[in-house]
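Coordinate inspection notes
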Amino acid sequence: MGRRKGTGIGIALVTVAALAGVSACGGGSGNAASGDDGKGAGKGKASASAKPSPTKPKGPPMLLETITPQTGTKVGVAMPISVVFTNPVAAKARAGVEKHMKVSASQPVEGAWHWFGDKRADWRPKEYWPSGTKVKVVADMEGVSNGNGRYGVHDYTHTFTVGDDVRAAVSVTGHTMKVTKNGTALRTLSINAGSAEYPTWNGTMAVIDKQEKVHMTSCSVGISCDKGSANYYDLTLPWDVHLTQSGTYVHYSTGDPNPGSGSARGSHGCVHLSMSDAKWFYQQVKQGDPVTITGSPRAKAPADNGYAAFNLSWDEWLAGSAAGESAAATL
């Protein structure tokens, strides 16, 4: 399914808490900031004959467009820290930028940054976050170069907490989704996933966000804009858990009200639940909870198609880091 309009990747620093994108079922690939633009005046009195001169900026500013998770939130164990810059960061400057984006945690955690292109860097732990971990991200960007003539003018601080370890395991061929919480099985739900023509992404996708209702259209995700097509749809559907920026959701569909091996009706790439199961699942999950899908003929979702960081092996993740692996500082 697909929403009529989508927004870009990431969240506004002071307002939004979830990465939003084209939705859904498409086949295509508090206080967020702190600091001042200038430096504070020194203590003491200036002499009558010499007034302090303002510091001249080294160049135009390097700013952070978004930091996820939003400060003060509680997230799942698979949630990466995702930073998006307003302007490209040159390869030669990335190690220095990484070292100025400091991650601290209340429990020992090994992790690393990984660059997706020249504007987005994500930090993930080597393994899932331990439940209950408190995390602090301090991006002390003031005076830091992006290698392209821009320099940071702000420091940014975000704090968040890792909540209960809620996981969902979807079997496409088995038509089931098993949900656990802190290692205890909660329920096994009947599902339908994508069809042969529109298969669901494999792999682990951390929940981006969730909405009680989403307007989904086939045209918005490039499936069909022809109202006469069998694949055309224009629907508002409930209990929507967002998995990829390209439009994958777990949700209820009026076109597939009783999913499972008995109906075996394929979706356009989403995971369908019954109305009651979709509402129940919606109430269980939060941003960052991992949903792992297996048995689809499709490849794993790209790691930057939402928050699918754990679709990369640790070696693959480190290959995208300029500064390499490091332990989070102790809070």
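Before any of the text, the structure's been laid out above.
Quantities reported herein were computed from a predicted structural model and do not represent experimental measurements.

Re the sheet that holds strand S10 (residues 155-162)
Strand order in the open sheet formed by five strands is S3-S10-S8-S5-S21, and the pairing between neighbours is mixed. Both edges of this open sheet fall to strand S3 (74-75) and strand S21 (329-330), since each of them pairs with a single strand only. Here seven bridges tie strand S8 (residues 134-140) to S10, and the two strands are oriented antiparallel to one another. Bridge pairing in S10 places valine 137 opposite histidine 158.

Description of the sheet that holds strand S18 (residues 271-273)
The pairing of strands in a sheet comes from backbone hydrogen bonds and takes either a parallel or an antiparallel form. In spatial order, the strands read S15-S16-S17-S18; together these four strands make up an open sheet with mixed pairing. The open sheet is flanked by strand S15 (209-217) and S18, the only strands paired with a single partner. Strand after strand, the sheet turns through a mean of 35 degrees between neighbouring axes, direction not considered. Relative to S18, strand S17 (residues 249-252) runs parallel, the two sharing three bridges. In the sheet register, tyrosine 252 faces S18, and the bridge partner there is leucine 273.

Concerning the pattern of salt bridges
Evaluation of the coordinates by the stated rule reveals six salt bridges. The salt bridge involving arginine 167 is made with aspartate 165; its shortest N-O contact spans 2.8 Å. Relative accessible area serves as the criterion here: at 35%, arginine 167 is assigned to the partly exposed category.

Notes on the nonpolar core
Of all hydrophobic cores here, the largest spans 35 residues; its most connected members are Ile81, Phe85, Met101, Trp129 and Met141. Other than its neighbours up to four places away in sequence, tryptophan 129 contacts Gly76, Val77, Met79, Ile81, Val103, Ala105, Val109, Trp123, Val135, Phe160 and Val162. Trp239, Val241, Phe281 and Val291 belong to the second largest nonpolar core, which has 28 residues in total.

Here we look at the side chain of aspartate 256
Mapped onto the elements of the fold, aspartate 256 is located in the loop between S17 and S18. What makes aspartate 256 buried here is its relative accessible area of 3%. At 3.0 Å, the side chain of aspartate 256 forms a polar contact with the side chain of asparagine 192. Leaving out residues up to four positions away in the same chain, aspartate 256 has contacts with Asn192, Ser263, Arg265 and His272.

Conventions and cut-offs
Residues numbered from 1 in each chain as written. Predicted model: local features only at pLDDT ≥ 70, side-chain atom pairs only at ≥ 80, totals over all residues. Heavy atoms only, no water. Pairing = 2+ DSSP bridges. Helix = DSSP H or I, 4+ residues; strand = E, 2+ residues; numbered from the N terminus. Axes fitted to C-alpha atoms, helices over the stretch in contact; angles between N-to-C directions. Salt bridge = Lys/Arg side-chain N within 4 Å of Asp/Glu carboxyl O. Buried < 20%, exposed > 50% of the residue type's maximum accessible area, 1.4 Å probe, protein only. Core = buried A, V, L, I, M, F, W, Y, C linked by side-chain atoms within 4.5 Å. Contact = heavy atoms within 4.5 Å. Polar contact = N/O pair within 3.5 Å; in protein donor to acceptor, adjacent residues only side chain to side chain.

Note that every value here comes from positions in space, so none of it alone points to a role or purpose.
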